[in-house]
Every structure is written in structure tokens, then in C-alpha cells.
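A structural walkthrough
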Amino acid sequence: MSPHRAHQRRFALAAVTPAFLLFTFWVAWPAVKGFYFALTRWDGLSDPVYIGLENFQQMVAGFSAEAGKSAKLFPVAIRNNLILMIGPAVLILALALCFASAMRSRVRGASIFRVAFFFPNILSAVAVSILWMLLYSTSGFGVFNALLGWLNSGLTALGLAAEPTFKVPVAFTDSKILAWSLIPMIVWTATGFYMLLFLAAMQAVPETLYDAARVDGASPTLQFFHITLPLIWDTVVTGMVFLLIAGLKVFDAVWVIEQQQSRPDSNTLATLMYSKIFNEYQAGYGAAIAVVIFLAVLLFTLVTLRLYRKEALEY
Amino acid sequence: MRGTSPKWGRRRFVASACGALSSATLQGCGLFRSAGEQEGVPRVEMAIFDGGFGMAWHQKVVERFVAHRAALGKPIRVDFWGDPRVIDKVRPRILRGAPPDISDAPLPFWKLAPAGALFSLNDWLDGPSFDQSNKTWRETFLRGALNPFTYEGQTCAIPLTFNAWILWYDKTLFEKHGWKLPSTFSEWETLCEEIKQAGIAPLAYQGKYPYYGDALYWSVFQRLSGIRKVERCQNFEPGAFLDPEAIEAARVVQSFTTRYFQEGAMTMSHTEAQLEFCNRRAAMIPCGVWLENEMRNAFPKDFRLSCFIIPRFEGGKGSERAVVAAGAQAFLAFRDGGRPEEGAELLRFMLSLENSREWVKTVSTVSSIEGATRREEIGQTLADVLTLVENAAFTFDNRLLDLFPTWRNEVWFPTLEDLLSGKIKPEAFARVAEKGLERIRRNPDVYKPQPRPLPQGAGVEEAL
């Protein structure tokens with residue numbers, strides 16, 4: 001190795017070392033410690049006590065039929081996360097693809113729609129949650145309940161219903177149904193982003209393919225399913241994985257709407273973890289939940305990489 | 001290297017960067033002592049919750065304390081800082097064994113005290129007060145104010161304010177409709193019916209915060225059955241929640257809330273519910289002393305806020321004047337703070353009569369120091385609160401909420417919400433609460449304090 005090259009290597013090493021040390025000290029080491037804390041009983045204040053896999057056993061025990069309500073916290077949080085992963089993902093992907101196709105075919109007012117759809121995405125999660133809390137409110141300020149009230153009055157006035165059709169106020173933010181109530185909020189917030197993502201992918205598809213399909217008499221629907229969708233599949237998969245991972249990590253919306261109170265029926269894994277660590281001082285159990293979230297995200301990432309390998313299509 | 005001065009070469013740059021990084025890290029970890037300490041001047045650190053009450057009063061008190069010590073020839077330096085998330089900054093420092101000397105961060109007293117992290121203030125409390133020569137510092141506090149902060153005889157935290165859970169109403173609205181304050185529970189129910197007939201909801205309720213309903217339950221329980229049965233639950237005696245009178249209290253509460261809480265109240269936040277009250281869509285609301293401060297800008301001009309306590313029951317065994325109340329916004333003193341003695345001294349100064357009076361004037365609340373909240377210096381609303389507190393036969397609180405946070409979050413609050421909204425029968429409510437507490441009793445890892453004595457007060461004997 002020439003002296004110049006050795007010199008360069010030493011400099012590169014010196015430049016990388018501080019960043020490496022910072023990463024090790026502030027990211028890698030706490031993560032390793034996090035794994036260790038998951039194997040302890042620790043209140044976050046005194047010294048942790050090693051208990052092996054007890055925290056994980058406690059989680060699994062919640063799935064048994066005999067488990068009481070308070071033991072079922074973990075399964076309920078998983079259920080809520082599944083609702084928040086699958087529900088928004090299905091709706092957002094369908095809507096975003098529809099809107100992106102419409103934009104691509106240059107419907108009238110496309111640019112206005114593009115801005116309008118994307119706008120909620122630039123709001124912070126807390127702001128969006130507060131906004132939807134007001135929409136859902138059962139107080140005099142609740143927009144949806146006011147609409148339902150007017151609908152009741154309208155139907156009664158028109159003679160279409162003898163009594164109010166909807167029992168208002170509807171408790172949209174009741175803990176037992178909160179996960180379902182969050183789906184429209186997430187769809188409203190995220191659809192614009194995925195629409196732009198898919199639109200960008202669609203615009204990269206060569207126009208000649210559509211020209212050829214049109215010559216062969218393919219309808220717009222057939223063009224979408226046989227040309228557009230297969231050619232943007234990579235992007236769709238990416239979007240799907242983003243949405244699933246986002247659903248797994250939902251915290252802000254639940255925490256804001258539940259007023260920073262942990263409730264057994266509305267917890268997600270993230271709120272349960274936070275509550276266990278910071279409200280109940282069960283930092284060991286909280287760390288175990290964090291490990292579960294980490295492993296789940298890792299699993300989804302690996303699945304994505306696998307899907308990429310299998311489905312990549314080129315033109 | 002080209003373009004680099006020989007004095008500031010690459011090696012020196014890297015070495016300096018590493019040095020600065022290590023120094024910052026060590027400083028951050030609290031391993032270096034401050035300059036003031038090195039000069040031989042004791043240094044006290046105070047960490048403040050920078051919330052609605054602000055920090056202006058603290059600043060003034062600290063300046064006066066420093067001047068006072070300098071005048072005595074015992075100079076001291078006080079480093080004080082505030083943050084809305086002070087708890088997140090103090091917690092890791094407790095773990096590192098380098099906490100501030102005193103802090104009002106809302107930390108879990110019942111975790112810290114048994115872990116030996118707190119500093120006993122008994123020597124100061126049982127010594128002379130700062131500016132009332134005929135009293136010990138302990139004697140200057142309102143009755144019951146220190147109760148929640150005493151662990152095995154050692155008081156390790158000092159409350160700045162005194163909170164009472166009471167019922168609020170608007171005098172203007174009541175006068176307009178000719179409604180009178182109830183003197184018995186059945187009169188209260190009659191009043192609620194009248195309010196409903198006027199097209200107004202009788203009670204707004206902050207359903208997303210079960211704390212408000214908790215105070216309601218314990219008030220009713222005490223009025224019906226007396227303080228001894230309440231304290232059986234507070235001392236987690238087996239079967240205490242299954243007592244027929246505890247179940248009867250649950251039944252009364254449920255019967256009341258399902259009829260008179262505003263529609264949709266169970267999913268309202270505190271601001272939503274309190275706005276319903278301010279906008280006169282609900283005639284009454286249960287809340288703490290802070291309501292006036294919190295909603296100051298929301299009351300209509302002609303709103304005349306006043307308060308009362310849950311009325312007595314005909315034939316009830318409990319005190320009709322007992323109030324669910326306790327000291328709040330407590331300053332904790334930390335054993336590992338480095339200068340806990342000076343921290344205690346600062347607290348004694350801070351909660352002197354004169355400083356407490358200024359606290360009341362600054363933030364319009366009830367001080368935990370007796371005589372500090374003076375009628376001539378406060379508004380009519382706070383004066384009404386003061387009357388309730390002064391007339392209280394005794395005060396008591398639900399200590400289980402802070403003692404057993406897991407029971408609170410997983411058992412008590414969800415079950416209480418189900419009770420208030422009529423989703424669970426009173427018997428089932430009692431069974432769930434008792435079963436949850438039984439798990440606590442059997443769990444050796446959960447700290448359980450000694451049974452606490454009955455509260456002090458003239459009315460206790462008659463309320464047994």
C-alpha cells in the first residue's frame with residue numbers, strides 16, 4: 001500500500017470514528033441494554049432483577065381463555081394494532097390507486113385535488129388527532145354528531161322516519177371502538193401521500209404500452225390491471241409495508257384522544273409500552289413489549305425484501 | 001494537510017473533538033461538580049415543572065432566599081430550572097444517582113420512598129417554621145396536607161397547594177331558574193330532575209379522566225358508611241370492597257350518574273366537559289380547585305362560579321362535611337441530591353407564610369399553608385372554596401391510585417368507568433376491584449405500606 005493510500009485510510013478512519021462512537025454509545029448500546037431490560041423486573045428507578053423470559057411468558061399467558069381482563073392487555077393491544085394495520089392499508093391502497101389513476105388520466109381539477117389530498121399529510125399527528133377529536137366529540141362542538149342530529153331531523157321532517165334513526169351522540173372515541181374510529185382518520189391523513197407515490201410510479205410507465213393496448217382494444221380497466229398495476233407493483237409493495245409498519249407503531253393518535261390515559265380496551269403495543277414504563281413503572285415489561293415491536297418490524301422488513309426479489313418486473 | 005494551519009492540524013482537530021465530546025458526556029452525566037461548589041459555596045439545584053403556574057414566583061423566592069442566606073453570612077447558590085417535561089429529565093438523573101436536590105416533577109412518591117431515594121424532611125418539619133415562631137413547620141400546614149407524602153413516619157415531600165374535589169355551579173344560572181343548593185342527596189336528585197326539565201344537562205363530566213369519578217365514589221361511600229369503612233379499603237383489608245355498604249355506594253353512584261351525567265360525557269376530555277359547563281349546557285361539574293384558573297377565559301361575563309360538596313344522605317353514617325382533599329403539587333427532596341439539607345432549608349423558606357401568601361396572590365389557588373389563603377386577597381370563588389375547606393370535618397383521599405398504578409390503570413379505572421356508564425352491576429364492580437386488590441396483596445414485589453391511621457378532625461368520631 002502506498003504511503004498516500006495509507007494516509008488516506010487513516011484519515012477516513014479518523015473521520016468515521018467519532019460517528020461510529022456516537023452511534024455505538026447512543027444507539028447500539030442502549031438497544032442492547034433494552035434487550036437486557038426485557039429480561040428483567042425493573043421499575044426504572046432501582047436496580048433491575050434478572051427474571052429470564054418471565055415478561056414474555058406474561059404476554060403469552062394473556063392469550064389463554066382463562067386469562068382475566070387485566071391479563072389480556074397484550075392480546076387486546078395486538079388486536080388493535082392488527083385493526084390499525086389492515087384496515088387503513090386496504091382502504092388507503094385502494095383509494096390511492098384510484099386517485100392516482102384519475103390524476104394520471106388528467107381529470108379536470110387534478111392539480112387542486114393533488115394539493116387537497118396531500119395537505120393532511122403535512123400536519124403533525126398530534127394536530128390531526130386533535131382535529132378528529134373535535135369532529136368525533138360528543139360535546140356541543142362535535143361535527144359528526146351534529147350532522148347525525150340534522151340527518152335525524154331531516155328524515156323525521158320528510159316523514160321517512162317516525163323516530164330518530166341514529167341515537168346521538170355516538171361515542172366514536174369510546175375505548176372499545178377507538179381502533180375502528182381511527183381508520184377514517186388515518187385514511188384521510190395518509191391517502192394523499194400514497195397517491196403521489198403511485199402517481200410518480202405510474203408516470204414512469206412508458207406511454208407506448210398503453211398505446212399498444214388501446215390499439216388492441218383494451219379498456220381502461222384492463223389497462224390498469226394488466227399494465228399499470230404489474231409495472232408499479234414494487235411501489236405498491238413498498239407502500240403496503242410502510243402502512244403495515246405504521247399501523248404497528250401507532251401511538252400519537254391513541255395517546256392524544258385518550259388524553260394520555262392508558263385504557264385496556266384501546267391500547268396499542270406502543271401506548272401499552274409507554275404506559276407500562278412511565279405510568280406504572282414496569283420498565284422491564286415495557287422493554288419486553290419494545291422487543292416485540294422491534295421483532296415485528298424486522299419481520300415485515302424481511303418480508304418486503306423477499307417480495308421485492310420475487311415480484312420485480314421490468315420493462 | 002494542505003490548507004490547514006500547522007497549529008490546528010488534523011490530529012489536533014480529532015483529539016479536540018474527542019475531548020469536547022467526552023467532556024460534554026461527562027458533564028451531561030453530572031460527573032463534574034459546578035464552579036460554585038468548587039468555590040466552597042454550597043449549591044442547591046431545584047427542578048421545576050414549568051406548567052400553567054409559571055416560574056415567576058419561584059424566581060422571586062430563590063432570589064430572596066439567596067439574599068437571606070448572604071445576610072446571615074452563609075452564602076448559597078441556587079441553580080433552578082424549569083421544563084414542561086421536567087419529569088423526563090429528572091427520572092434518568094435519579095437512576096444515575098445524581099438527582100437535583102428538590103423538584104416538583106410529578107414523580108411516583110410510593111416508588112421512590114420505599115426505594116430509599118427520598119430525603120426525610122422530619123427534622124425540618126418538627127423544627128421551627130420560618131416566620132411563625134410559635135409553631136413548628138409541620139403545624140403550619142393545613143390538616144391532612146402532608147398525609148400523602150409520609151412514608152413510614154418520614155415526610156419526604158412538601159405540597160405547595162391544597163386540592164379539594166368539589167362540585168361547581170353557576171350562581172347566575174341557578175338564580176335565573178330559582179334552583180336552590182341541595183342539603184341532602186335526595187334534594188340533589190330532585191334538583192337534577194328540575195335541571196333536566198329546563199333542557200340543561202345536570203352534570204358535565206370529564207369522562208376521559210376517571211380521577212373525577214373516583215372522588216365522586218369515595219365521597220358518596222364516606223357519606224353513606226363513614227370513614228372507617230373507607231379506610232378499610234384504603235388499607236387494602238381483604239373483603240373491604242365487598243362490604244355491602246361499599247356495594248351500596250356503588251349502586252347509588254351508578255343510579256345517579258346514569259341518570260344525570262350529560263349524554264356523551266363518558267368520552268369527553270376535561271376541556272370538552274368544562275366547556276359544556278362554561279357554556280351552560282350543563283349546570284354542575286365535579287372538579288378540583290383549579291377549575292377557575294383553568295377555564296378563566298371561557299366563562300361568560302355574567303358567570304358567577306361557586307361550589308358545594310356532595311350533600312349528606314338521610315340516615316347516612318358518615319360525616320356530612322368531610323371532603324376528599326389533600327396536598328398537591330409536591331416538592332420532593334432527594335437523598336442523593338448532594339445538598340439535601342440546603343434543599344430542605346430552601347423548602348422551609350419557600351413555604352413560609354409570607355411566601356405562600358404571595359403564591360396564592362400569584363396563581364389564585366389554595367395554599368397548603370394554613371392562613372396563607374386570605375379572603376381579602378382572593379376572589380369570591382376561591383373564598384367559597386376556602387369556606388368548604390375550612391368547614392370540612394376532616395379530609396381524606398384515595399391513596400390506592402398512587403400506591404398501585406397497575407391496579408389503577410388495569411382494574412380500578414376501567415371498572416369505575418363501566419360502573420358510571422351503567423355497563424357493569426355494582427356487585428360485579430366490587431368483585432373486580434376486590435379481585436384486583438387480592439392480586440396486589442399476594443404479590444410480594446409490590447410495596448404495601450402500613451395501614452394508615454384515621455384522618456384527624458373534629459368530625460371523625462361521629463363519622464366512624
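Residues numbered from 1 in each chain as written. Chains lettered and ligands numbered in written order. Predicted model: local features only at pLDDT ≥ 70, side-chain atom pairs only at ≥ 80, totals over all residues. Heavy atoms only, no water.

1. A look at helix α11 (residues 244–260) of chain B
All names here are of chain B. With 17 residues, α11 should reach 24 Å at 1.5 Å per residue; the first-to-last C-alpha distance of 24 Å fits that figure. Among all positions in α11, only Glu 245, Ala 246, Ile 247, Ala 249, Ala 250, Val 252, Val 253, Gln 254, Phe 256, Thr 257 and Tyr 260 are buried. Against α8 (185–197), β8 (201–203), α9 (211–225), α10 (227–234), α18 (405–420) and α19 (426–442) lie the buried residues of α11. Its side-chain oxygen at 2.8 Å from the backbone nitrogen of Glu 245, Asp 243 defines the N-terminal cap of α11. (Helix = DSSP H or I, 4+ residues; strand = E, 2+ residues; numbered from the N terminus. Expected span 1.5 Å × (residues − 1). Buried < 20%, exposed > 50% of the residue type's maximum accessible area, 1.4 Å probe, protein only. Contact = heavy atoms within 4.5 Å. Polar contact = N/O pair within 3.5 Å; in protein donor to acceptor, adjacent residues only side chain to side chain.)

2. A word on empty space enclosed by the protein
Residue and element names in this part refer to chain B. For the structure on display, the rule yields five cavities of 30 Å³ or more. In terms of lining residues, the largest cavity is bounded by 15 residues, among which Trp 165, Ile 166, Ala 215, Ser 219 and Ile 310 are the most central. When contributions to the lining of the largest cavity are tallied by element, the ones reaching two or more residues are β7 (166–170), α9, β9 (282–287) and β11 (323–333). Top contributing element to the lining of the largest cavity by residue count: α9, with five residues. Here the lining of the largest cavity is composed, by residue class, of 13 nonpolar, one polar and one charged. (1 Å grid on protein atoms, 1.4 Å probe; cavity = no way out; pocket = protein on both sides within 12 Å on 5 of 7 lines; lining within 4 Å. Points joined across faces, edges and corners; volume = space filled by probe spheres on them. Nonpolar A, V, L, I, M, F, W, Y, C, P; charged D, E, K, R; others polar.)

3. Thoughts on the side chain of Ser 367 of chain B
Residues and elements named next belong to chain B. Checked against the element boundaries, Ser 367 lands in the loop between α15 (353–363) and α16 (380–391). Ser 367 gets classed as buried once you look at its relative accessible area, which sits at 1%. Within the structure, the side chain of Ser 367 is placed 2.9 Å from the backbone nitrogen of Ile 369, a separation counted as a polar contact. Not counting chain neighbours up to four residues away, the residues in contact with Ser 367 comprise Leu 142, Leu 160, Thr 161, Phe 162, Ser 356, Val 360, Ala 372 and Thr 373.

4. What about the interface of chain A and chain B?
Often, the extent of an interface is quoted as the loss of accessible area upon association of its parts. Chain A puts 44 residues into the contact, and the matching count from chain B is 42 residues. Roughly 3500 Å² of surface becomes buried between chain A and chain B when both sides are summed, with 53% attributable to carbon and sulfur atoms. Viewed at the interface, chain B and chain A are joined by six salt bridges. In this structure, the connection of chain A to chain B is made through 17 residue pairs in polar contact (both at pLDDT 80 or more). For the side of chain A that touches chain B, the elements supplying multiple residues, two or more each, are α1 (3–37) and α12 (269–279) of chain A. The residue inventory of the side of chain A that touches chain B, partitioned by class, reads 17 nonpolar, 17 polar and 10 charged. (Buried area = accessible area lost by both parts, 1.4 Å probe. Salt bridge = Lys/Arg side-chain N within 4 Å of Asp/Glu carboxyl O.)

5. Structural notes on the nonpolar core
All names here are of chain B. Counting residues in each nonpolar core, the largest one holds 154 residues, and the members touching the most others are Phe 109, Trp 168, Trp 188, Tyr 217, Trp 218, Met 284 and Trp 412. In terms of residue count, the dominant contributor to this core is α9 (eight residues). Per-domain counts for this core show at least three residues from each of domain 1 (36–163 + 328–384) and domain 2 (166–325 + 397–463). Residues in contact with Phe 109, not counting those within four places in the same chain, are Pro 114, Leu 118, Pro 148, Phe 149, Thr 150, Tyr 151, Cys 156, Ala 157 and Leu 332. (Core = buried A, V, L, I, M, F, W, Y, C linked by side-chain atoms within 4.5 Å. Domains from an automatic or database assignment.)

6. So, unusual backbone geometry
Geometrically, the link from Val 168 of chain A to Pro 169 of chain A is a cis peptide bond, its omega value of 0 degrees lying close to zero. The residue Pro 169 of chain A is located in the loop between α6 (143–157) and α7 (178–203) in this model. Although it is not a glycine, Ser 364 of chain B adopts a positive phi angle of roughly 55 degrees. Inspection of the secondary structure assignment puts Ser 364 of chain B in the loop between α15 and α16.

7. Comments concerning the domain arrangement of chain B
All names here are of chain B. When its domains are assigned, chain B resolves into domain 1 (36–163 + 328–384) and domain 2 (166–325 + 397–463). Domain 1 and domain 2 are separated by 30 Å when their C-alpha centres are compared. At the junction of the two partners, domain 1 supplies 17 residues and domain 2 supplies 20 residues. Interface of domain 1 and domain 2: buried area, both sides summed, is about 1500 Å²; carbon and sulfur atoms make up 57% of it. Sorting the residues of domain 1 by area buried against domain 2 places Trp 110, Asn 163 and Thr 381 first, and these three jointly supply 43% of that buried surface.

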